[in-house]
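# Architecture at a glance
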Amino acid sequence: MSGLRHVTSINDLDNAEIEQVFALADKYLKELGETMERTERTRAGANLTTQRIAKSGRMGTGSILATLFYEPSTRTRLSFESAMLRLGGRTITSADPATSSAAKGESLADTVRVVSSYADAIVIRHPRDGAAKLAAQYASIPVINGGDGAHEHPTQTLCDLFTLRRHNKKLKNLSVAVSGDLRGSRTIHSFVYALARFGAAIRLMPGGKGMELPAHVDWRLRNEFKCVPLPKAKYAEDDAVDALYVTAERPHQLSLIADASSNYKLKKAVDAVYVTRFQKERWSEGARDYMKVDSKFLQNSRYKNTSVMHPLPRVGELDIALDHDTRAAYFQQAAYGVPIRMALIAEVLGLEKNFALAQFKTGFRHGDYELYERPPGDSGIRCRNPNCIVHDPYEGPYAANKFLYVPAEAPRLRCYYCETDIVDFLIAHRRRGHYDSKLSRRRPVGDFRDVVFFADEEAAETAGFSKGQPRRAAGK
Amino acid sequence: MSGLRHVTSINDLDNAEIEQVFALADKYLKELGETMERTERTRAGANLTTQRIAKSGRMGTGSILATLFYEPSTRTRLSFESAMLRLGGRTITSADPATSSAAKGESLADTVRVVSSYADAIVIRHPRDGAAKLAAQYASIPVINGGDGAHEHPTQTLCDLFTLRRHNKKLKNLSVAVSGDLRGSRTIHSFVYALARFGAAIRLMPGGKGMELPAHVDWRLRNEFKCVPLPKAKYAEDDAVDALYVTAERPHQLSLIADASSNYKLKKAVDAVYVTRFQKERWSEGARDYMKVDSKFLQNSRYKNTSVMHPLPRVGELDIALDHDTRAAYFQQAAYGVPIRMALIAEVLGLEKNFALAQFKTGFRHGDYELYERPPGDSGIRCRNPNCIVHDPYEGPYAANKFLYVPAEAPRLRCYYCETDIVDFLIAHRRRGHYDSKLSRRRPVGDFRDVVFFADEEAAETAGFSKGQPRRAAGK
Amino acid sequence: MSGLRHVTSINDLDNAEIEQVFALADKYLKELGETMERTERTRAGANLTTQRIAKSGRMGTGSILATLFYEPSTRTRLSFESAMLRLGGRTITSADPATSSAAKGESLADTVRVVSSYADAIVIRHPRDGAAKLAAQYASIPVINGGDGAHEHPTQTLCDLFTLRRHNKKLKNLSVAVSGDLRGSRTIHSFVYALARFGAAIRLMPGGKGMELPAHVDWRLRNEFKCVPLPKAKYAEDDAVDALYVTAERPHQLSLIADASSNYKLKKAVDAVYVTRFQKERWSEGARDYMKVDSKFLQNSRYKNTSVMHPLPRVGELDIALDHDTRAAYFQQAAYGVPIRMALIAEVLGLEKNFALAQFKTGFRHGDYELYERPPGDSGIRCRNPNCIVHDPYEGPYAANKFLYVPAEAPRLRCYYCETDIVDFLIAHRRRGHYDSKLSRRRPVGDFRDVVFFADEEAAETAGFSKGQPRRAAGK
């Protein structure tokens, strides 16, 4: 019991754990008043909630949740705070970067180390991709990712999945259309991984040009989450769909589907349409001709019984006129934010006897990939995502040069923080003093302590390595 | 018990309910320590309060109040939060527009819908007139107006009335001078309605040129709140007074006073002077020669036993030297903010068995006036107050084109949100396809579903109506 | 029991009281989990804390702490809030000047008067020197200084001393190097007074040119805190040390040390190195060649067992590489912020039976120096520190012209608020109508109600006084 548990990515939780969070959320939802519909959230309801919670004698009493928000938010922060208070706990908040120590130039790494002695868990939101993993590296209490740059937003995904599960009475083998700014929306990135893990058919509908899924997310879907793209002919009737992935439920079915994808029987009905706004804060210019989901969009029979979902806020891409449509699920989805976050907080803090996540020394589930780590000032390869936390002037010195080595036909270096992959790199061998030609990248690397990865030949040469020639006493 | 209760205007509460809030505030005030004077607010006192409150076992435990402040505030927000905490409840806060979802372009309407699932009641402050009514329209939990533009500030008025009542041992038939920025101060607008309803003589003392009461507030005082202006001769000795209204306690006295106003016996002593600052945020330029209340102002014998009141903050219009004058009531008035807000919150949440406001399906007391409503994009007449919430680019699509039809010799259309009146409009009849000449405005309108109001002939013609000519199948 | 207790300076607490705060902090620290080290702050630990605190049935329940922060902060504010919550109390917060009533031009003096009726204690942070004392003058509840301009930061000093005491098993006769921006750092100012009071040898190491201790702080150390400077020869081996003070434990030893300072036996080992960042917000231009404490700095044998301390945030002056050095004490120091602030809050609120500070009518311990006070508009001398709260346009009218008269060979006028001394002034006698020549300043002044202090002869003459000539009915 000397471990911790961070939730920086939806992939920090396995499927069984996600189901466990949902079971606890079901319990809390019942206590909060099953239906939080407009006409029923009355004074009587509020009192009932109060009494139920008072009676349940929450173990959360005395625990403190710190919410550190370095980017604007109302929904996520308030729902976390509400969740902690409903659990009987307390909150401390730093919600405005301009009034915090960050204005004095303090690093996130130092801040979370200090806040670890003020609180029992931290929720962090940050404009940089990978900030949550950096925070988790330095915190000595559980860190929950409340959204980090364009990387992930795992608790939103838990709400999304929970909504799908409650509306469809199941979570597996659903057909979900994911639309909008697939590139800039962290919400989407967490969501598609989760959909794939629960065997969904995923219809990708970019909201405009260049808004496709980032290449590294797409690659992971195909190579790590067992998604198989169907041929266009399978969904020719739907122009808006750019790609359609189906997922093998069990590994042995994978090749089966792949081989037979042209014979795959695609369910016509779409169980949910997930709409997202244009993430203007992650683009240098505005969107033109961004998609709009309205009653016209939904008139196709495949959407007859769909759930229209949206992580909110919306800014035009989702017609207000749909609010009274029975297919509108987005306010319900938002309302689930409280029981879901109550459940997750309770599990990371160990507040409920029968619902606890496994704990690990490093705070993370040990992954399958080997870790490559070099000190911050190292001349080796660096993450190429300019918005990664490792490139933040304040955080850089705290962020080691860390990558996961993803073995594949063309192996990849995945940034430990933002999870963006590098496919184009050189391997240098410290003992032998030479670097491999690009063609040799595929072979096993051996002990990572003897290896340095470089961006190109020039960098390797500057660091004292030579091309394919063994040499003793090589440089740094 | 399937209703709700919003407090967006002082007129959402009837006189009996206001008295009920005061009775509960009296009770809380006793618990908090009757006199909150400087020398007595000691450690001993704080402990006593703590113990009393702990002993009373508040029902508020577990309830959450959300404070959504889109405009600067310390006093109002902190006093609401203190009140909720003193009740044993909890708070969640969004106090900086720049760090909230509003910065991403989210509408207030969507925000309150979502926050309705996070909290049990909402307090809102907003720079736009009528924002509180829009919030109440979309919230599924009680909304309390913490100040909306230049519209109203009903909880400040409750503190003001409570101060008058405690200082004068009664609330009825007082003589109150209301001074300063009568146009821009929402506090004043709520306050003069309440004064009239409790039968006060109201001395209006604008702080400078153009700072008279807005025309629609003045009209309501005379026509809806039974205020009768006295002839100038009655208060010729007081240059600063611009108008003086007396109020009939009972309807049948109204004409009596009106007829006999020149014989009305005006009490010389002024029970309270209510001072307000220049509301620079609601004016395009600064104030010149703004009034100042100081010991010189107060040396007239009519102010001998007056209570000097101010909603604070003050910025020069109220002399600091008065702080030690026994007539200074303003810090006491501010201190009443906590018990008053405790009482109001307790009543809307139903926390106290014997103190509960009646609840209504729409959250509002049903008014006497008929409601006219057209969809947002309608070509009919729109509110003419440029600061009304209906003209906010984000809120517009959520704000229906809603007016109350106020029957009068010259009927008025009152904006449902900001309560500004339009006196100059045309009535078009959809079935008949024509619009009435202006002269015909006085006649009863009939079923509002068959009617469209227009700003002018051009708008009516553009929409396909013709002047006084019946026509079938008329346009929109 | 009709008093109050403010903590605006470390000198508001006597040594016995500081020890008492530490004894209570020891108790709380035990409850919070003795060691708050990374590997031990686990879920199990969090629960234990929760249960211990729940079991202890805190008296803080229901008490409210208001945190008013007019300057950026994360650490101090969050640790105060965490402390209050751990005590079972609640908090209300105003952390952004731009969203508070200050944006409407409200004075601090009015704000604290009003907040006194919302809360049970106030923590204030403000960019102006002396703001905490002004707040204390107007508040009717205890005020704790959370940092005011370059004046003081007494609760940081309590954490610092507590760290020294726990690391060295004692607080007396330590040898401490104080380095960095000695001029701009309020933390340093509070800290050196406390070090002197507990008999430390103080090694002053300015971080750059012009960063020496302010003259008035240095004068107080020598003249009021019994510090004796050692001759440079005593510490010639340490170039970085600009001055070295040793302190007499008991008054009678003072002359002993002074006489024998050249024979004083200086302990070689330095028990702690206190590092501070460049306070860029208090300087008009950036720092060049600011010091850096790193492993190279620490390699001298005198630092072999030193504790490296830093109030954080750090911005480069403290090498990140030291974080894993066993001498690094700064994160531990930050962690002590919670139990220390719990103890101080509990003592000012009287929450613990056996731990209570003495209370006084004015909220302050009565000092030894006589108070001279003139009304705000007075033509007499004014504080010469341009950042003093008395020169704030909003606060000026509330800040009386108050000085303490410090008798000495060359007497000093010490600003009551910011504690900066004036050494160059004239004494005018109201009854006699003349002012003394500068040479006469040394003689006793008599009743301060008959005296006016002036900055120079011109000011005295303008106010109607003449040089050394008795005259009746003198001016203002």
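Residues numbered from 1 in each chain as written. Chains lettered and ligands numbered in written order. Predicted model: local features only at pLDDT ≥ 70, side-chain atom pairs only at ≥ 80, totals over all residues. Heavy atoms only, no water.

## Brief notes about the overall build of chain A
For chain A, the helix and strand inventory stands at 12 helices and 18 strands. Counting every position in chain A, which comprises 476 residues, the buried fraction comes to 66%. When contacts within chain A are restricted to residue pairs at least 6 apart in sequence, those whose partners lie at least 24 apart make up 70%. As displayed, chain A offers around 17900 Å² of accessible surface, 51% of which is attributable to carbon and sulfur atoms. (Helix = DSSP H or I, 4+ residues; strand = E, 2+ residues; numbered from the N terminus. Buried < 20%, exposed > 50% of the residue type's maximum accessible area, 1.4 Å probe, protein only. Contact = heavy atoms within 4.5 Å. Areas by Shrake-Rupley, 256 points an atom, 1.4 Å probe, with all protein chains shown as cover.)

## Describing the sheet that holds strand β3 (residues 121–126) of chain B
Strand order in the open sheet made by the 4 strands is β2-β1-β3-β4 (chain B), with parallel pairing throughout. This sheet does not close on itself; its edge strands, each paired only once, are β2 (90–94) and β4 (143–148) of chain B. Put simply, the sheet's adjacent strands are angled 15 degrees from each other on average, direction ignored. Sheet topology places strand β1 (residues 64–69) of chain B next to β3(B); 5 bridges connect them, and they run parallel. Directly across from B:Phe69, in β3(B), lies its bridge partner B:Arg125. The strands touched by helix α3 (residues 75–86) of chain A within the sheet are β1 and β2 of chain B, with β2(B) carrying the most contacts at an inclination of about 175 degrees. (Pairing = 2+ DSSP bridges. Axes fitted to C-alpha atoms, helices over the stretch in contact; angles between N-to-C directions.)

## A short note on the packing of aromatic side chains
The tally for this structure, following the rule as stated, stands at 52 aromatic pairs over all chains. On the basis of an interplanar angle of 25 degrees and a centroid distance of 5.1 Å, the ring pair of B:Phe297 and B:Tyr303 is categorised as stacked. These aromatic residues form a ring-pair network of at least three members: A:Tyr372, A:Phe403, A:Tyr405, A:Phe425, A:Phe448 and A:Phe453. In this arrangement the basic side chain of B:Arg220 is found over the ring face of B:Tyr193, its NZ or CZ atom lying 4.9 Å from the centre. (Phe/Tyr/Trp six-rings, centres within 6.5 Å; stacked < 30°, edge-to-face > 60°. Lys NZ or Arg CZ within 6 Å of the ring centre and 35° of its normal.)

## A few points about the sheet that holds strand β14 (residues 421–422) of chain B
With antiparallel pairing, 4 strands are arranged side by side in an open sheet as β11-β12-β13-β14 (chain B). Two strands close off the open sheet at either side, each with one partner strand: β11 (370–374) and β14 of chain B.

## Structural notes on the side chain of B:Ser107
Residues and elements named next belong to chain B. Along the chain, Ser107 falls in the loop between β2 and α4 (108–115). At 3.0 Å, the side chain of Ser107 forms a polar contact with the backbone nitrogen of Asp110. In this view, Ser107 contacts Tyr394, Glu395 and Tyr398; residues no more than four positions away in its chain are not counted. (Polar contact = N/O pair within 3.5 Å; in protein donor to acceptor, adjacent residues only side chain to side chain.)

## Quick word on the nonpolar core
In globular proteins that are soluble, nonpolar side chains generally tend to be buried together. In this structure, A:Ile122, A:Tyr417, A:Phe453, C:Leu161, C:Leu164, C:Val178 and C:Ile202 are the most contacted members of the largest nonpolar core, which totals 149 residues. Element by element, the count of residues in this core is highest for helix α11 (residues 337–349) of chain C, at 9 residues. In this view, C:Ile202 contacts C:Val176, C:Val178, C:Val192, C:Leu195, C:Ala196, C:Cys227, C:Ala243, C:Leu244 and C:Tyr245; residues no more than four positions away in its chain are not counted. By size, the runner-up hydrophobic cluster in this structure holds 148 residues, among which are A:Leu32, A:Phe162, A:Ala194 and A:Ile340. (Core = buried A, V, L, I, M, F, W, Y, C linked by side-chain atoms within 4.5 Å.)

## Observations regarding unusual backbone geometry
Geometrically, the link from A:Leu312 to A:Pro313 is a cis peptide bond, its omega value of 0 degrees lying close to zero. Mapped onto the secondary structure, A:Pro313 falls in the loop between β10 (307–309) and α10 (330–335). Of note, the phi angle at B:Asn173 is positive, near 55 degrees, even though the residue is not glycine. Note that B:Asn173 resides in the loop between α6 (154–168) and β5 (175–180). Its relative accessible area of 33% is what places B:Asn173 among the partly exposed residues.

## Let's talk about the environment of C:Asp294
Residue and element names in this part refer to chain C. By secondary structure assignment, the location of Asp294 is in the loop between β9 (272–274) and β10 (307–309). Considering only alpha carbons, one finds Asp294 and Glu317, 23 residues apart in sequence, at a separation of 8.3 Å. The contact partners of Asp294, leaving out residues within four places of it in the chain, are Asp319 and Leu322. Engagement of the side chain of Asp294 in a polar contact is seen with the backbone nitrogen of Phe297, the distance being 3.0 Å.

## Brief notes about the pattern of salt bridges
Tallying each qualifying case throughout the model produces 90 salt bridges over all chains. Between B:Lys133 and B:Asp12 there is a salt bridge, and its shortest N-O distance comes to 3.9 Å. Placement of B:Lys133 in helix α5 (residues 131–138) and of B:Asp12 in the segment before α1 (15–32) is noted, with a sequence separation of 121 residues between them. One exposure class covers both B:Lys133 and B:Asp12, and it is buried. Between B:Asp323 and B:Arg314 there is a salt bridge whose closest N-O contact spans 2.9 Å. Accessibility classification places B:Asp323 together with B:Arg314 in one group, the buried group. Here the salt bridges do not stand alone but share partners, grouping A:Arg220, A:Glu224, A:Arg412, A:Arg414, A:Glu419 and A:Asp421 into one network. (Salt bridge = Lys/Arg side-chain N within 4 Å of Asp/Glu carboxyl O.)

## Points about the packing of helix α1 (residues 15–33) of chain C against α11(C)
Residues and elements named next belong to chain C. Following both chains from N to C, one finds α1 and α11 inclined at 125 degrees, their axes separated by 8 Å at the closest point. What the angle tells us is that α1 and α11 run oblique. As α1 packs across α11, the resulting crossing turns out to be right-handed. Between α1 and α11, the contacting residues are Gln20, Val21, Phe22, Leu24, Ala25, Tyr28, Leu29 and Leu32 on the first element and Val338, Pro339, Ile340, Met342, Ala343, Leu344, Ala346 and Glu347 on the second. (Parallel < 35°, antiparallel > 145°, perpendicular 65-115°, else oblique. Left-handed = near helix turned anticlockwise from the far one by under 90°.)

## Quick notes on the environment of A:Asp14
All names here are of chain A. Locating Asp14 in the fold gives a position in the segment before α1 (15–33). Residue Asp14 is classed as partly exposed on the basis of its relative accessible area, which comes to 27%. Along the sequence, Asp14 and Ala194 sit 180 residues apart, while their C-alpha atoms lie 9.7 Å from each other. Leave out the neighbours within four places in its chain, and Asp14 touches Arg197 and Arg365. A distance of 2.8 Å separates a polar side-chain atom of Asp14 from the backbone nitrogen of Glu17.

## Concerning the packing of helix α7 (residues 186–197) of chain C against helix α8 (residues 215–223) of chain C
Residue and element names in this part refer to chain C. For the pair α7 and α8, interaxial distance at closest approach is 10 Å and the crossing angle is 10 degrees. In terms of orientation, α7 lies roughly parallel with respect to α8. On the side of α7, the interface is formed by His189, Val192, Tyr193 and Ala196, while α8 contributes Val217, Arg220 and Leu221. Residue classes in the contact of α7 with α8 are distributed as 5 nonpolar, 1 polar and 1 charged. (Nonpolar A, V, L, I, M, F, W, Y, C, P; charged D, E, K, R; others polar.)

## So, the pairing of strand β2 (residues 90–94) of chain A
Residue and element names in this part refer to chain A. The buried fraction of β2 is high, at 5 of 5 residues. Across the two faces of β2 the burial is the same, with Arg90, Ile92 and Ser94 and Thr91 and Thr93 all buried. Relative to β2, strand β1 (residues 64–69) runs parallel, the two being bridged by 5 bridges. Bridge pairing in β2 places Thr67 opposite Thr93. After leaving β1, the chain enters α3 and then returns to the sheet as β2, a path that is right-handed. (Right-handed = clockwise from strand over helix to strand, strands pointing away.)

## Re the pairing of β1(A)
Counted residue by residue, β1(A) has 6 buried out of 6 residues, so it is predominantly covered. The alternating pattern of β1(A) places A:Ile64, A:Ala66 and A:Leu68 and A:Leu65, A:Thr67 and A:Phe69 on opposite faces, both of which are buried.

## Notes on the environment of C:Lys170
Mapped onto the elements, C:Lys170 comes out in the loop between α6 (154–168) and β5 (175–180). In this structure C:Lys170 touches C:Leu164 and C:Arg165, once residues within four positions along its chain are discounted.

## Regarding the side chain of C:Ser190
Residues and elements named next belong to chain C. In this fold, Ser190 is placed in helix α7. The buried category is assigned to Ser190, whose relative accessible area is 0%. Among all residues touching Ser190, those that are not within four sequence positions of it are Ile10, Glu152, His153, Pro154 and Thr157.

## A few points about helix α11 (residues 337–349) of chain A
Residue and element names in this part refer to chain A. With 13 residues, α11 extends 18 Å from end C-alpha to end C-alpha; this agrees with the ideal 18 Å at 1.5 Å per step. Among the 13 residues of α11, 13 are classified as buried, and the element is accordingly described as predominantly covered. Within two residues after α11, Gly350 carries a phi angle of roughly 70 degrees, on the positive side. (Expected span 1.5 Å × (residues − 1).)

## Observations regarding the state of the cysteines
Under the definition given, this model contains 0 disulfides over all chains. Not part of a disulfide, C:Cys388 finds its nearest cysteine sulfur in C:Cys418, a span of 3.7 Å. (Disulfide = S-S within 2.5 Å.)

## Description of the confidence of the model for chain A
All names here are of chain A. Summary statistics for chain A give a mean pLDDT of 86 and a share of 85% for residues scoring 70 or more. Scored below 50 in pLDDT, residues 34–59 shows 65 contacts in the model against residues more than four places distant or in partner chains. Low confidence marks residues 470–476, where pLDDT is under 50. Its contacts with residues over four positions away, or in another chain, come to 21 contacts. Model confidence for the complex: the whole-complex pTM is 0.93, and ipTM, which rates the interface, is 0.91. (pLDDT = per-residue confidence, 0-100.)

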